[in-house]
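So the chains spell out like this:
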Amino acid sequence: ERIVAAGQEGACPTCARPLGSDYAVVLEVLDRQLQDVLFNGNYFKQRIDQLKTPPVELAQLEQRRSALEAEQAQGTATLGQLTARLQEAPSLVAERQTLQGRIGELERRLAQSAATYDRARHEEVRRELALLEPIALQAAGLRASAARAEPLVRDAEAAEKQLSEREAEVKGMRERLEELGYREEAFLEAKRQVEAIAEERRMAELRLARAQGDKKAAQEAGLRVARLREERATRQRESAHTAAELRMLVELDRAFGELRTDLNADLRPELSEIASTLLRELTYGRYSDLELDEDYVPCILAEGERKAVISGGEEDVANLALRLAISQMIAERAGQPLSLLVLDEIFGSLDEERRGAVLELLRGLADRFPQVILITHIEAVRDGFDRLIRVELDGERQVSVVRDEPLGGRDAAA
């Protein structure tokens, strides 16, 4: 929305760069990303709604797990009961044998008395049978329990056999240890010695690691010392070179100071004389001399007296005279005239009389400055030029237009 509001000529709200030709591409990418976000959001929202209700298969599996856990608990309880009854199996077997012996005795007695029936004895036997019936039922239950206990008895016998084998192995090992002369005290002492040796080895490894670290540190320190020595030698060489340069600079400073003194003594009077001559021509003799102090700041003299206050026009005339004097001195010392002299806005604070004096002076210096270019905004001086090149601003096209306006055939100034 911020990019749409900014438009194609706006800036990106993220990186602040102009959108320009990338405006449509950025909008297309953002629209595609927005569609992806909306699609993923709808998809995951539907998945959340679907997962709020557990699937039917998951509910069935949960029920199945609960049923299996209940069955496991019941099986654990049954196993406990069977284990308890298995522990009772030996006594039940003995009791069953006793009951079987009792039954056999009764059957023999019954066979002996079958020839002669004794009603009283019969009643007595019936009563005994009635008394033995609960015991017979109990024996039947015991026989069923014994049948179920037989696999457990076999497992117990196998475990007993395995235990016996382990005991035999232990006994054999003890006999082997006795043959080898094994003693617990010697074993413990050997164990302590092994532990002591291991500890000594660990300490030795620590000392070795520490020694290696010290060696590495010493090597690094040696390298640092070598680098420092090399840097020291380099610094000493640089210091010697710097000292030599300093001595040279001090000598140059002294030479430049002497040169400045010599130039002030040699050039300043000559430059003041040339500038004074030009100043008299520019002011029609109103000011006679122009002097320069040690910093080459010009000072106008009127009738031999220093003029304390000068106007802006007078200051411009003095500076122009000084610049022309410097240019003339350079040309004279070069042994040939300077082909070009460029002056920028020298008429700004001059009145009409002084402007004319400047133009006449420049024409008079044609032998030293064959070509002079003046840059000015003063329309009144255009008649004094041999050629006029006008530079104007075209407001409609916002460009500068250069137009040549020839004004005559003179060659002194342009």
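Now for a description of the structure that goes with this document.

## Examining the packing of helix H6 (residues 312–334) against helix H7 (residues 352–364)
How two helices pack is summed up by the angle between their axes together with the distance between the axes.
Okay, so step 1: Where H6 meets H7, the axes come as close as 12 Å, and the angle between the chain directions of the two elements is 5°. The angle between H6 and H7 places the two elements in the roughly parallel class. In this structure, H6 uses Gly313, Glu314, Val317, Leu320 and Leu324 to contact H7, whose residues at the interface are Arg354, Val358, Leu361 and Leu362.
Okay, so step 2: Partitioned by chemical class, the residues of the contact of H6 with H7 number six nonpolar, one polar and two charged.

## Here we look at H7
Okay, so step 1: Relative to the 18 Å expected for 13 residues at 1.5 Å per residue, H7 spans 18 Å between its end C-alpha atoms, a close match to the ideal helical length.
Okay, so step 2: Those residues of H7 that fall on the buried side of the exposure criterion are Arg354, Arg355, Ala357, Val358, Leu359, Leu361 and Leu362.

## Quick look at the sheet that holds strand S2 (residues 298–302)
Okay, so step 1: Read from one edge to the other, the open sheet built from three strands follows the order S1-S2-S3, with strand pairing classed as antiparallel. Two strands in the sheet have a free side with no partner beyond their single neighbour: strand S1 (289–292) and strand S3 (305–306).
Okay, so step 2: Where H6 meets the sheet, it contacts S1 and S2, and its direction lies at approximately 110° from that of S2.

## As for a nonpolar patch on the surface
Okay, so step 1: On the surface, a nonpolar cluster with roughly 550 Å² of combined accessible area is contributed by Met248, Leu249, Leu252, Phe256, Leu259 and Leu263.
Okay, so step 2: Within the secondary structure, Leu263 sits in helix H5 (residues 184–282).

Parameters at a glance
Residues numbered from 1 in each chain as written. Predicted model: local features only at pLDDT ≥ 70, side-chain atom pairs only at ≥ 80, totals over all residues. Heavy atoms only, no water. Axes fitted to C-alpha atoms, helices over the stretch in contact; angles between N-to-C directions. Helix = DSSP H or I, 4+ residues; strand = E, 2+ residues; numbered from the N terminus. Parallel < 35°, antiparallel > 145°, perpendicular 65-115°, else oblique. Contact = heavy atoms within 4.5 Å. Nonpolar A, V, L, I, M, F, W, Y, C, P; charged D, E, K, R; others polar. Expected span 1.5 Å × (residues − 1). Buried < 20%, exposed > 50% of the residue type's maximum accessible area, 1.4 Å probe, protein only. Pairing = 2+ DSSP bridges. Patch = residues over 30% accessible without salt bridge, like charges linked within 9 Å, V, L, I, M, F, W, Y side chains within 5 Å. Areas by Shrake-Rupley, 256 points an atom, 1.4 Å probe, with all protein chains shown as cover. Salt bridge = Lys/Arg side-chain N within 4 Å of Asp/Glu carboxyl O.

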